[in-house]
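# Working through the structure, step by step
So you can see what is in the structure, the chains are spelled out below.
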Amino acid sequence: MKKLFTYLKIIMIIFPIAIFCMYIIMDEGDQFTDEHYIITALSAIPFGIVFLVQWLMSDADKQ
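Thresholds applied
Residues numbered from 1 in each chain as written. Predicted model: local features only at pLDDT ≥ 70, side-chain atom pairs only at ≥ 80, totals over all residues. Heavy atoms only, no water. Helix = DSSP H or I, 4+ residues; strand = E, 2+ residues; numbered from the N terminus. Buried < 20%, exposed > 50% of the residue type's maximum accessible area, 1.4 Å probe, protein only. Contact = heavy atoms within 4.5 Å. Axes fitted to C-alpha atoms, helices over the stretch in contact; angles between N-to-C directions. Parallel < 35°, antiparallel > 145°, perpendicular 65-115°, else oblique. Left-handed = near helix turned anticlockwise from the far one by under 90°. Nonpolar A, V, L, I, M, F, W, Y, C, P; charged D, E, K, R; others polar.

## Comments concerning the overall build of the chain
Regarding its fold elements, the chain presents four helices and zero strands. In the chain, which comprises 63 residues, the share counted as buried stands at 14%. Partitioning the intrachain contacts of the chain with sequence separation of at least 6 by distance along the chain shows that 67% fall at a separation of at least 24.

## A look at the packing of helix 1 (residues 2-26) against helix 2 (residues 34-42)
The contact between helix 1 and helix 2 brings their axes to 9 Å, and the two run at 160°. Considered as vectors, helix 1 and helix 2 are oriented roughly antiparallel to each other. By crossing handedness, the relation of helix 1 to helix 2 is classed as right-handed. Along the contact surface, helix 1 presents Pro-16, Ile-19, Phe-20 and Tyr-23, while helix 2 presents Glu-35, His-36, Tyr-37, Ile-39 and Thr-40. Of the residues belonging to the contact of helix 1 with helix 2, the class tally is six nonpolar, two polar and one charged.

## Some thoughts on the environment of Lys-9
Note that Lys-9 resides in helix 1. Non-local contacts of Lys-9, meaning those with residues more than four positions away in its chain, are made with Phe-47, Val-50, Phe-51 and Gln-54.

## A word on the packing of helix 1 against helix 3 (residues 45-56)
For the pair helix 1 and helix 3, the least separation of the axes is 8 Å and the interaxial angle reads 165°. In terms of their interaxial angle, helix 1 and helix 3 are classed as roughly antiparallel. Note on packing geometry: the crossing formed by helix 1 with helix 3 is left-handed. Residues Phe-5, Leu-8, Lys-9, Met-12 and Ile-13 of helix 1 touch helix 3, and the partners they reach there are Pro-46, Phe-47, Val-50, Phe-51, Val-53 and Gln-54.

Below is the structure:
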């Protein structure tokens, strides 16, 4: 179970970085709008959810 959460953390931290880089490439680096930052921040929510689920399941691993 520990390897699964490590794998999910790696995938979920790459996701917002990839979205941010995609916006830079699409807009040719000219400007950043609020939309760019909001989408990047919202795409980081699954990363927080992985930590929350891992914390909630930490008791299950001990038993």
